[in-house]
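A closer look at the structure
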Amino acid sequence: MGTIIIGIGNPVLADDSVGLKVVDRIEDRLQGRSGVALTRLCCGGIHLMEAMAGHERAIIIDAITGGGGAPGTVYTLGPDGFSQTRNVCSSHDASLSVALELGDAVGLPLPRDVRIWAVETEDVSTYSEVLTPEVERAVPVVVEHVVRDLDAASGVSPGGH
Amino acid sequence: MKRISINPITRLEGHGKIEIFLDADGNVANTYFQVPELRGFEQFCVGRRAEEMPVITNRICGVCPEAHHMASVKALDRLFAVEPPAAAAKIRELLYMAFFVTDHATHFYALGGPDFIVGPDAPPAERNILGVIRKVGLDVGKQVIECRARNHGIIRMLGGRPIHPVAGLPGGWSKPITEAERQTAEEAARRNIEFALFSLRLFDTIVLQNPAYMEMAHSDTYCHRTYYMGTVDERNRLNLFDGRIRLVGPDGREFATYHPADYQAHVSERVEPWTYLKFPYLKQVGWKGFCDGPDSGVYCATPLSRLNVSDRLATPLAQEQFERFHEAFGSTKIDGRFTPVHHRMATHWARLIEMLYAAEHMRELAADPEITSPRVRNIPQTVASRGVGSVEAPRGTLIHDYSADSNGILRQVNLIVGTTNNHAAISMSIRKAAERLIHAGRIVEEGLLNRLEMAFRLYDPCLSCATHSLPGAMPLVVEIRNHSGEHIRSFRRDG
């Protein structure tokens, strides 16, 4: 149980990797915290639903395109906000909403609380291991958001440690 | 000219777009198959250490990383001129069979199957795995999820990480397996066989016993008499992991059999002005356009193709299904083997037969006492200039071809991924389906459009890793030409 933090992306596809890079940074901040697990995924759909199963809360970090903001803009969404995906890695199986319904139907213990942090991208079609500058600048911003989410969940007040 | 767009193609990897151009009479003039522009992967790899490739190439795509990992590791064996010990070769193949079972199961239940199980005329919102569960029961959904969990568990146990294995090394595998792990794999294989048999029974009940579906499957709409490609063992039996690549002609006679390293002597790639996709074809037959028949070099590399090139299957239950399959389509014998099945809808059935074969072979490998040998690595001593590795990916023959300098730094990389083999055939299927289903402007009923997508989806195309092959950063420009080749229209595609 507890919280699962899930970074989604392709590590060699420029800004598509932003979720993975956020998770790398968060990993360093998790020292001493219990009840928090962390994983990296390359695709959404059923894989993502399966990764969430068994946890009370899920925090997902992913790249987004067409969110309306400039590259580097950070959004927060509920699971419904992800019904249409443009994740170039895979929509092999099902959308997240279908996958969540499937998980529910077959009795998997899915989190009651799912929060998605998404970063508007500049480039998700060039093979590269680095982020574009605006997206790179969003990484610490998202890290702080996620850490605050974790603090709130564990009853720690901001600045309380 | 009126344009109908189906975008996005639902339930496919990456992003595709089918464009259909109608003439003044409302009949199909042209169809175009388009995919997103992910290019330059080979260039991204050049200059890296070759041994990085098994963990980089498996990031090309989130769908079949195991296939890239294995083709890459096999290419490294050749590049570093080192043979893996028997146990390592068997562990690799064991993992690969678990991957095949879960990948084919996911395609059948979540992607291809809904067309049959829920029905081609059902609303798109219902043509998914939830619709499948509503139609055939919740227990099926549980079995699909259990099948995935069971096989991802095997992949993690053997490969060091779920989905993206990291254990493959030139000359072997990074860790041996214990007796307890062997038993876990054997039990998973036993349950995979049960699930594959269950799935075939389900297919039998829902599809084979439904006259409307069988009429569709047998119709000329989804039929192309092309060449076929697949990997076979020394007795010309299906082999998903290793062997020689075999080509058979539309009449079923063997056209060629070759070592994967010789692929360039047999396959050329056609470039068309309207897409960045390349269209591989058989060099010795030649490119005659998007058409079938013995004079056209268009070939197909899919589960159906693999059954068409195989004399038989190496496991008993799958062999029974193989015979039943050919009998159902009225195959005769030529040179002692079944003539090919050209009806593309049969690919779904072929996929389930392969799932059963993979499950049975997984059990054979897991039951082999040699697989727990601690000797899983031979250390490379030298660097050859080139290494080619291939496997049958779920979507077709996958080739990794690396050239390196004496320090093992990559100088050239060429990949032919499964879906790429089928680009011409996919385009033909879309075209033919459109021609048969759109007449005199009568169009755009959901069931009708889904039948067009079905033509595409049966290939289970994986677009995100099939579009890596050209350098450059231009957005895709689509050009439309008339029958004389004159340019009549162009437009740019947004990223």
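As the structure is a computational prediction, the values presented were derived from the model and not from experiment. (Residues numbered from 1 in each chain as written. Chains lettered and ligands numbered in written order. Predicted model: local features only at pLDDT ≥ 70, side-chain atom pairs only at ≥ 80, totals over all residues.)

1. A word on the overall build of chain B
Here is the rule: A helix here means a DSSP run of H or I that spans at least four residues, while a strand means a run of E at least two residues long, and both kinds are numbered starting from the N terminus. Residues are called buried when their C-beta atom has 20 or more other C-beta atoms within 10 Å, exposed when it has 12 or fewer, and partly exposed otherwise; all C-beta atoms are positioned from the backbone. Note on contacts: residues are paired as contacts if their backbone-placed C-beta atoms lie within 7 Å.
Counting its regular elements, chain B contains 14 helices and 18 strands. Considering chain B as a whole, with its 495 residues, one finds that 55% of them fall into the buried category. Summarising the internal contacts of chain B: among those between residues at least 6 apart in sequence, 70% fall at separations of at least 24.

2. A closer look at the overall build of chain A
Within chain A, the secondary structure is distributed over four helices and five strands. From first element to last, N terminus to C terminus, chain A shows the α and β order β-α-β-α-β-β-α-β-α. The 161 residues of chain A split such that 49% are buried.

3. A word on the sheet that holds strand 1 (residues 3–8) of chain A
Whether parallel or antiparallel, the strands of a sheet pair through hydrogen bonds between backbone atoms. Residue and element names in this part refer to chain A. Defined as follows: Two strands are said to pair when DSSP picks up at least two bridges between them. Note on geometry: axes are C-alpha line fits, over the in-contact stretch for helices, and angles between N-to-C directions span 0 to 180 degrees.
Spatial ordering of the open sheet is given by 2-1-3-5-4, a layout of five strands whose pairing is mixed. In this open sheet, the two edge strands, each paired with only one partner strand, are strand 2 (36–41) and strand 4 (74–77). Adjacent strand axes in the sheet meet at a mean angle of 20° when their direction is disregarded. For strand 3 (residues 57–64) and strand 5 (residues 113–120), the ladder comprises eight bridges, and the chain directions are parallel. The residue of strand 5 that forms the bridge with A63 is V119. Each of strand 1, strand 2 and strand 3 touches helix 2 (residues 45–52); the most contacted strand, strand 1, lies at about 155° to it.

4. Considerations on the sheet that holds strand 7 (residues 244–248) of chain B
All names here are of chain B. The four strands lie next to each other as 8-7-6-11, forming an open sheet whose pairing is mixed. Each having just a single partner strand, strand 8 (254–258) and strand 11 (299–300) make up the two edges of the open sheet. Bridge count for strand 6 (residues 227–232) against strand 7 is five bridges, and the pairing is antiparallel. Bridging across to strand 7, G230 finds its partner in R246.

5. A few points about the packing of helix 4 (residues 86–117) of chain B against helix 7 (residues 179–208) of chain B
Residue and element names in this part refer to chain B. Heads up, the condition is: Throughout this description, any angle smaller than 35 degrees is read as roughly parallel, any larger than 145 degrees as roughly antiparallel, any in the 65 to 115 degree range as roughly perpendicular, and the remainder as oblique. Crossings are classed by handedness, with left-handed meaning an anticlockwise turn of the near helix from the far one by less than a right angle and right-handed meaning a clockwise turn. Each residue gets one label: Ala, Val, Leu, Ile, Met, Phe, Trp, Tyr, Cys and Pro are nonpolar, Asp, Glu, Lys and Arg are charged, and the others, such as Gly, are polar.
The N-to-C vectors of helix 4 and helix 7 enclose an angle of 20°; their axes lie 11 Å apart at closest approach. As judged from the angle between their axes, helix 4 and helix 7 are roughly parallel. Crossing geometry of helix 4 relative to helix 7 is assigned as left-handed. Contacts between helix 4 and helix 7 pair L94, A98, V101, A105, F108, F116 and I117 from the former with A185, A188, N192, F195, S199, I206 and V207 from the latter. Tallied by class, the residues present in the contact of helix 4 with helix 7 amount to 12 nonpolar, two polar and no charged.

6. Here we look at the environment of B:A81
All names here are of chain B. Take A81: it is sitting in the loop between helix 3 (65–79) and helix 4. A81 sits in the partly exposed class, given 14 other C-beta atoms within 10 Å. Separated by 298 residues in sequence, A81 and I379 have C-alpha atoms that sit 10.0 Å apart. The residues touching A81, leaving out its near neighbours within four places in the chain, are T382 and A384.

7. A closer look at the confidence of the model for chain A
We count it as follows: The predictor's confidence in any single residue is recorded as pLDDT, a number from 0 to 100.
This prediction gives chain A a mean pLDDT of 83; 86% of its residues lie at or above 70. Note that residues 83–92 of chain A has pLDDT below 50 and, in this model, 41 contacts with residues that lie over four places away or in other chains.

8. With respect to the domain arrangement of chain B
All names here are of chain B. Note the following rule: Marked domain ranges trace back to an automatic or database domain assignment.
Entries for chain B in the domain assignment read domain 1 (1–36 + 438–495), domain 2 (83–223 + 343–379) and domain 3 (224–342). Taken together, the contact pairs 19 residues of domain 2 with 19 residues of domain 3. Secondary-structure elements contributing two or more residues to the side of domain 2 that touches domain 3 are helix 4 and helix 11 (346–366). Sort the elements by how many residues they give to the side of domain 2 that touches domain 3 and helix 11 lands first, with 12 residues. Tallied by class, the residues present in the side of domain 2 that touches domain 3 amount to 11 nonpolar, three polar and five charged.

9. Observations concerning the environment of A:V146
Residue and element names in this part refer to chain A. Here V146 shows up in helix 4 (residues 133–153). Along the chain, V146 and Y127 lie 19 residues apart, while their C-alpha atoms are 27 Å from each other. With sequence-adjacent residues up to four places away left out, V146 is seen in contact with I5, I26, I59, I61 and W117.

10. Topic: helix 10 (residues 316–328) of chain B
Residues and elements named next belong to chain B. Stated precisely, the cut-off is as follows: Expected helix span is computed as 1.5 Å times (number of residues minus one). Relevant arc is that of directions from the helix axis to the C-beta atoms, nothing else.
For helix 10, spanning 13 residues, the distance from its first C-alpha to its last is 19 Å, which sits close to the expected 18 Å at 1.5 Å a residue. Among all positions of helix 10, only A318, Q321, F322, F325 and H326 are buried. The buried residues of helix 10 occupy an angular sector of 135° when projected down its axis, which confines them to one face. Relative to its buried face, helix 10 has exposed residues pointing more than 90 degrees away, namely P316 and E327. Buried-residue contacts for helix 10 involve helix 7, helix 9 (303–309), strand 13 (337–338) and helix 11. Just downstream of helix 10 lies G330, where phi reads positive at about 70°.

11. Observations regarding helix 13 (residues 423–437) of chain B
The terminal C-alpha atoms of helix 13 of chain B, which comprises 15 residues, lie 21 Å apart, in line with the 21 Å expected from a rise of 1.5 Å per residue. The buried fraction of helix 13 of chain B is high, at 12 of 15 residues.

12. Regarding the confidence of the model for chain B
Residues and elements named next belong to chain B. Taken over all residues, the pLDDT of chain B has a mean of 85, while the share at 70 or more is 84%. A low-confidence stretch, residues 6–15 (pLDDT under 50), is modelled with 35 contacts involving residues beyond four sequence positions or located in other chains. Here residues 465–495 is modelled with pLDDT under 50, and outside its nearest four sequence neighbours on either side it reaches 63 contacts, counting other chains as well. Across the interfaces of the predicted complex, the ipTM metric reaches 0.83, alongside a pTM of 0.88.

13. Brief notes about the packing of helix 7 of chain B against helix 11 of chain B
All names here are of chain B. At a minimum axis separation of 8 Å, helix 7 and helix 11 run at an interaxial angle of 160°. Taken as axis vectors, helix 7 and helix 11 run roughly antiparallel relative to one another. In the packing of helix 7 onto helix 11, the handedness of the crossing is left-handed. Across the interface between the two elements, R182, A185, E186, A189, R190, N192, I193, A196, L197, S199, L200 and F203 of helix 7 pack against W349, L352, M355, L356, A359, E360, M362, R363 and A366 of helix 11.

14. Thoughts on the pairing of strand 10 (residues 278–282) of chain B
Residue and element names in this part refer to chain B. Across the five residues of strand 10, four count as buried, placing the element largely inside the fold. The pairing of strand 9 (residues 267–271) with strand 10 spans five bridges and is antiparallel. Across the sheet, R270 pairs through a bridge with F279, a residue of strand 10.

15. A short note on the pairing of strand 5 of chain A
All names here are of chain A. Summarising burial for strand 5: six of the eight residues are buried, a large majority. The sheet contact formed by strand 4 and strand 5 spans four bridges and is antiparallel. Bridge pairing in strand 5 places L77 opposite I116.

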